[in-house]
Amino acid sequence: MNELCDTLETFIDGELAPVDAENFRHHLTRCHACEARMKELLALELIADDALHASGDTLAFVRPPSLLKRRRTWMMVVPLALAAGLAAWVLVTRPASSTDSSELWLGQTPGRTLEARLTHPGADRHRPYEVMRSGGDKPRALSLRELAKLEEAGDERGIASAYLLRGDPAQAGAFLDKLDASPDLDSDRAALALQRGAPEEALALADRALKQRPEHAQALWNRGLALKALGLSLQAAEAFDRVAALKEPGWSEEAAQRATELRRQEEEQRKGWKGAKQRCDDMVLGGGVLSSAEVERYPGLSRLCFYDALRTATLAERVESLRPLAVQLDRVDGGTHLEDALRRAARVDFEARAPLAKEYVRLTRGELAPASRDTLIAKLREARQDDILLGALLFVSDPRQHEEEYRALALATKDPWFALLAEERQAKADLQRGQAPRALTRLTVALRTCDSEQRFSYRCLELLRNLSLVERQLHRPVEARTHGLAALARARGGREWSKEFRLIQELGQVAIFHGDLSLARAYMEEAILRTPERCEDHELPYANLALAYYRTFDFAGAREQLDRAAKCGRPPSLTRAFVIADLAHTHARRDMDADLLTRGLAAIRSTPAASLEAAGDRPMLRHIEGRFFVEQDRGRGQALLRQAITEAAPLLASDVTARKARVYSYTSLILDAAHHGELEKALALFAEERSLALPERCALGVTVDDERTALVARDASGRLLGHYDADRRQRLEGVEGLVPAKLVDALRDCPSVDVLARPPVLGKPGLLPPDLAWTYRVAPPPPASSPHAQRRLVVADVNAPAELRLPSLRAWSPPDAEDSSLSTLKGASATPTQVLRAMHEATEVQIHAHGVVDPHVADGSLLVLSPEEQGGRYALTAADVQGQRLLGRPVVLLAACHAAHSTTYFHETFGLPVAFVEAGARAVLAATQEIPDTEASAFFEPVLERIRAGIPAALVLRDARQDWLRSRGSAWVRQVLLFE
């Protein structure tokens, strides 16, 4: 602060260079410790009236010709009005307290204990970062006197900063909540997230601050810390480089040191692994055996190389030389499996084995054509060289070939390594057959053998990685992320640098699936930085970066990433082809794209079947082609999109990629029809997609795809109205105002409106005004069947797990105690398993419980039920409801906070209400926000009673909502949605 005050005088003297003057202006707007010096300069008549002017709530400094050249001339007198004006500016505009107490900002200590940076000037003085080996001091109490000063000054940011410095994130967050949105607030929230151990959240907040102010010093610093916590060391180093370039005293030097150290550590890990890999390869070819230190450092890699070295041994003496390695590796993973393998290998006929071992070496080096490989496999089978055969079969790219033979050979070894490998390979075969759920089950069961002792950690990380890949294909990004991170932790624990590199790319793809584009970009850019010399490895990250840029409406940025990928000379991957098709309707399209896309799709289709991750990739390729050409040649594009829908149809039950191809194809067809004013055709497509009859009146179709919006309404008289635009420049969050007033007015004469909304609109509140009766129409009415006897199920008085610290809800009591159709699940009986079982035959289901939104546990919201006796599972999620058959076609009331909160993807809305409807529910009532416990039953009981009486649910909800708003004014009822 003293430096700023001194610089103020230099600025007034006109002695600062233009660049330095501009930098000073920026810092002075946040300088509050300089107030006294500014007043002093006023009093000494050292600031001329034309040297500054007040504009709004900012002070702008200029250097006009009339500015005094030297302070000593003292030729001008500052008018009293100017002095008064400056004093008023100081009082009104300062965003923080003038207090500069060293105790307040813990400035009395020689080092700082908070690694993150705060934007409050008093809290951002540089001191060396110190970590206490005891785990840190206890949080220091905040002086009530100093707190009172901050509160009197209205300095919520200062109070929040003081609490953050003292390690009290809860109190800090409460005061940050009072501040208006700004880059400074986002940066401080990033510091708060880092203190809470949430680096992903910190990264997103820092990126948001930097989008508005690219050189925001504190946000850059906090971004570096977030990336470091995520293990993205080279990205973190780049963030600290940008801080160093700002030339801030102290901070820049520390930033440069951090960047250097991060790069040094990454280079050491890379060189260490590559060196060990080279020595492993040499050992396989007959070279020296790995040292004990290398085995300890790289146990997974060492075991891999042991197996191949044993297979390529042509003499008994060579087999014996591997014994120390076998003994040490057996100690690592337990058992005597490798010593047993040595004993078996020592008894073979080396004269017969030697030529086969040499051929196996050629196979591992990629020197055998497929025909020669198959010949070698036949010879190994005939010679009964089972251990070499086990290795050779892994070089067959399609895991469905020799599937049973491989499993039998693997289990015959009685080595857990090969048992786990057999499960992994069979899961890949399941995936190739389009049986992703079966692969999921197989991998989940196999992982139960992986314990906390990290035995066979290399194989367990591969199981986790493959499980994450399967979950990504099933579009379960929460679970895919959890298992991907677990695999990454094992890879880092075993120093498996190459596995870590691959997992970073895959976690970037998961982040894109989950809509976390900030995290996706960080992962992909890290992957590129880690292999700068291998352009062939950059196709995946560049293509996914292009997708991430596209999703943020940065079409030029997406094109730039595609151009970088093209420089590597490889044909487009499926992801790159998708982005090329996406850009076809934007200004970033290129004339050469048609040829590039055609050649890329041909290359993908010509590859072996095993190269396509899922059966649904084929209709997806057809969709990509149609999505592109519908913008160039409507007839050709429409035909391709129709073909994609047809090809996807038989795969919908088991293949998420096929479901995506179908949904995306309908999206392209609907937008094409709406764009060209073909409203009848567009509405027919909305209905066809959900197997509904074409609505004759009172319907609204809504779809949003990136920057484009298409709406088609049919009013009470059957008249069609439409709207199409391509003006959106940010991702869709809320939908209030999405429907133009002319369409809303056209629907007002309707008794109720069926809304055929597609993801990501489906499930969002506020699409139509609360005085209209409307429902989200999810599926066609159930087929007529014999009426079920009334069976009402109420789940209430749940025993929520104590660790969640949820307050107890009011006890539920039945309005009619004599109702024989009513059954209840209460207390310890209200577990997820019991509730799912009891719902099957119910005609009405009420669940009174807490609802929680936790993106780390489940997509959408979850209902907190009583924990199971075995395992303690308490959450009822949309994934649990999916696949259930609700035979009683119930009306479902989810009387829980956030129960209608859904996660929206481009191909589906994933949440409890849609899951219940798809499981067979006639109607679902749920709210997207909090529900007051004292009002829930009073509102919902009359609603359910009128629905039981046969009144349409949309009318009942509209009337109840309007009555409630008039009588009580509780706004939460606006968020209650109906799904049918």
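Above this text is the structure in question.
The rules we used
- Residues numbered from 1 in each chain as written.
- Predicted model: local features only at pLDDT ≥ 70, side-chain atom pairs only at ≥ 80, totals over all residues.
- Heavy atoms only, no water.
- Helix = DSSP H or I, 4+ residues; strand = E, 2+ residues; numbered from the N terminus.
- Buried < 20%, exposed > 50% of the residue type's maximum accessible area, 1.4 Å probe, protein only.
- Contact = heavy atoms within 4.5 Å.
- Areas by Shrake-Rupley, 256 points an atom, 1.4 Å probe, with all protein chains shown as cover.
- Phe/Tyr/Trp six-rings, centres within 6.5 Å; stacked < 30°, edge-to-face > 60°.
- Lys NZ or Arg CZ within 6 Å of the ring centre and 35° of its normal.
- Salt bridge = Lys/Arg side-chain N within 4 Å of Asp/Glu carboxyl O.
- Disulfide = S-S within 2.5 Å.
- Pairing = 2+ DSSP bridges.
- Core = buried A, V, L, I, M, F, W, Y, C linked by side-chain atoms within 4.5 Å.
- Axes fitted to C-alpha atoms, helices over the stretch in contact; angles between N-to-C directions.
- Parallel < 35°, antiparallel > 145°, perpendicular 65-115°, else oblique.
- Left-handed = near helix turned anticlockwise from the far one by under 90°.
- Nonpolar A, V, L, I, M, F, W, Y, C, P; charged D, E, K, R; others polar.
- Polar contact = N/O pair within 3.5 Å; in protein donor to acceptor, adjacent residues only side chain to side chain.
- Expected span 1.5 Å × (residues − 1).
- Arc of directions from axis to C-beta.

Q: Could you clarify how one ought to interpret the overall build of the chain in this entry?
A: Helices and strands together make up the secondary structure of the chain, namely 41 helices and 18 strands. The burial tally for the chain puts 54% of its 980 residues in the buried class. Of the contacts made within the chain by residues no fewer than 6 positions apart, 66% connect residues no fewer than 24 positions apart. Per element, the accessible surface of the chain, about 43,100 Å² overall, is 51% carbon and sulfur.

Q: Looking at this structure, I do not really get unusual backbone geometry. What am I missing?
A: It is generally the case that most residues other than glycine have a negative phi and that most peptide bonds are trans. Cis geometry is adopted by the peptide bond preceding Pro760, which originates at Pro759 and carries an omega value of 10 degrees. One can find Pro760 in the loop between β6 (753-757) and β7 (774-776). With phi around 55 degrees, Arg495 is a residue other than glycine that occupies positive phi space. Here Arg495 shows up in the loop between α25 (477-493) and α26 (497-513). On the basis of relative accessible area, Arg495 is assigned to the partly exposed category, the value being 37%.

Q: I'm lost on the packing of aromatic side chains in this one. Help?
A: What characterises a pair of aromatic rings is the spacing of the ring centres plus the angle enclosed by the ring planes. Under the counting rule described, the total for this entry stands at 20 aromatic pairs. Aromatic side chains Phe306 and Tyr307 sit 6.0 Å apart centroid to centroid with 70 degrees between the ring planes, which places their arrangement in the edge-to-face category. Taken as a pair, Phe306 and Tyr307 share a single burial class, namely buried. One aromatic cluster is present, built from ring pairs that chain together Phe306, Tyr307, Trp417, Phe418 and Tyr458. Over the aromatic face of Trp417 sits the side chain of Arg459, whose NZ or CZ is 4.9 Å from the ring centroid. One residue, Arg636, lies across the ring of Phe629, its end atom 3.7 Å from the ring centre.

Q: Looking at this structure, I do not really get the pattern of salt bridges. What am I missing?
A: Once the charged atoms of two side chains with opposite charge are near each other, the side chains can pair. One pass over the full model with this rule turns up 81 salt bridges. A salt bridge links Arg353 to Asp387, with the shortest nitrogen-to-oxygen separation between them at 2.7 Å. Pair noted here: Arg353 is in helix α18 (residues 350-364) and Asp387 is in helix α20 (residues 386-392), with a separation of 34 residues, a long-range link. For Arg353, a relative accessible area of 1% corresponds to the buried category. Among the residues examined, Asp387 registers a relative accessible area of 27% and is labelled partly exposed. Measuring nitrogen to oxygen at the nearest pair gives 2.5 Å for the salt bridge that ties Arg559 to Asp593. Taken together, the residues Arg559 in helix α29 (residues 555-566) and Asp593 in helix α31 (residues 593-606) connect sequence positions 34 residues apart. Judged by relative accessible area, Arg559 falls into the buried class, the value being 5%.

Q: Which parts of the structure should I look at to understand the state of the cysteines?
A: Two cysteines form a disulfide when their sulfur atoms are joined by a covalent bond. One pass over the structure, following the stated rule, counts 3 disulfides. With a sulfur-sulfur separation of 2.3 Å, Cys698 is cross-linked through a disulfide to Cys750. Torsion about the S-S bond of the Cys698 and Cys750 cystine: about -95 degrees, corresponding to left-handed handedness. You can see Cys698 sitting in the loop between α35 (679-689) and β3 (699-705) and its partner Cys750 sitting in the loop between α36 (741-747) and β6, a full 52 residues away along the chain.

Q: Help me out: how do you make sense of the pairing of strand β8 (residues 792-798) in this one?
A: Across the 7 residues of β8, 5 count as buried, placing the element largely inside the fold. Sheet topology places β8 next to strand β10 (residues 844-848); 4 bridges connect them, and they run parallel. Among the inter-strand pairings, Arg792 is bridged to a residue of β10, identified as Glu844.

Q: How should the sheet that holds strand β11 (residues 850-852) be read in this particular structure?
A: Two orientations exist for strands paired in a sheet by backbone hydrogen bonds: parallel and antiparallel. Taken in spatial order, the 3 strands of this open sheet run β11-β12-β13, and their pairing is antiparallel. Where the open sheet ends on each side, the last strands, each with one partner, are β11 and β13 (875-876). In terms of strand pairing, strand β12 (residues 862-864) meets β13 through 2 bridges, oriented antiparallel. Its bridge partner being in β13, Val864 is matched across the sheet by Ala875.

Q: I tried to follow the nonpolar core on my own but got confused; where do I start?
A: Where a protein is soluble and globular, its nonpolar side chains tend to be buried together. Counting residues in each nonpolar core, the largest one holds 160 residues, and the members touching the most others are Phe306, Leu310, Tyr406, Phe418, Val470, Leu583 and Ile624. What Leu310 contacts, discounting residues up to four positions off in sequence, is Val319, Leu322, Ala341, Leu342, Ala345 and Arg353.

Q: Would you explain the packing of helix α30 (residues 574-582) against helix α32 (residues 617-629) in this entry?
A: When two helices pack together, their arrangement is given by the angle between the helix axes and by the axis-to-axis distance. α32 packs onto α30 with a crossing angle of 25 degrees between their chain directions and a minimal axis gap of 8 Å. Classified by the angle between their axes, α30 and α32 sit roughly parallel to one another. Here α30 runs over α32; the crossing is left-handed. Seen from α30, the contacting residues are Leu574, Ala577, Phe578, Ile580, Ala581 and Asp582; seen from α32, they are Asp617, Met620, Leu621, His623, Ile624, Arg627 and Phe628. Among the residues forming the contact of α30 with α32, the class breakdown is 9 nonpolar, 1 polar and 3 charged.

Q: Just to check I follow, could you spell out the environment of Thr482 for this structure?
A: Here Thr482 lies in helix α25. Linking Thr482 and Leu507, residues 25 residues apart in sequence, is a C-alpha distance of 9.7 Å.

Q: Even after reading the chapter, I still don't get the environment of Ala226, so can you show me in this structure?
A: Relative to the helices and strands, Ala226 is located in helix α10 (residues 217-229). Classification of Ala226 by relative accessible area gives buried; the value is 0%. Sequence spacing of Ala226 and Glu200 is 26 residues, and the spatial spacing of their C-alpha atoms is 6.9 Å. Sequence-distant contacts of Ala226, that is, excluding residues within four places in its chain, are made with Leu194, Pro199, Ala202 and Leu203.

Q: How should the side chain of Thr586 be read in this particular structure?
A: Within the fold, Thr586 resides in the loop between α30 and α31. Taking relative accessible area as the criterion, Thr586 reaches 3% and is therefore assigned buried. Within the local environment of Thr586, its side chain forms a polar contact with the backbone oxygen of Leu583, the two atoms lying 2.9 Å apart. A polar atom in the side chain of Thr586 sits 3.1 Å from the backbone nitrogen of Ala588. If near-sequence neighbours (up to four positions away) are discounted, Thr586 is found in contact with Tyr550, Phe555 and Glu707.

Q: Before we go on, may I ask you to explain α31 in this structure?
A: Residues spaced three or four apart along an α-helix face the same direction, because each turn holds 3.6 residues. Taking 1.5 Å per residue, 14 residues should reach 20 Å; α31 reaches 20 Å between its end C-alpha atoms and fits that length. Residues Asp593, Leu596, Leu597, Gly600, Leu601 and Ile604 constitute the buried set of α31. Taken end-on, α31 shows its buried residues confined to a sector of 125 degrees, consistent with a single buried face. Set apart from the buried face of α31 by more than 90 degrees, the exposed residues are Arg599 and Ser606. Tucked inside the fold, the buried residues of α31 contact α29, α30 and α32.

Q: Explain the packing of helix α5 (residues 144-152) against helix α6 (residues 156-165) to me, please; I cannot follow it from the model alone.
A: Relative to each other, α5 and α6 sit at 150 degrees, their axes nearing to 8 Å. The angle between α5 and α6 falls in the class roughly antiparallel. Contacts between α5 and α6 pair Leu147, Leu150 and Glu151 from the former with Gly158, Ile159 and Tyr163 from the latter. A class-by-class count of the residues in the contact of α5 with α6 yields 4 nonpolar, 1 polar and 1 charged.

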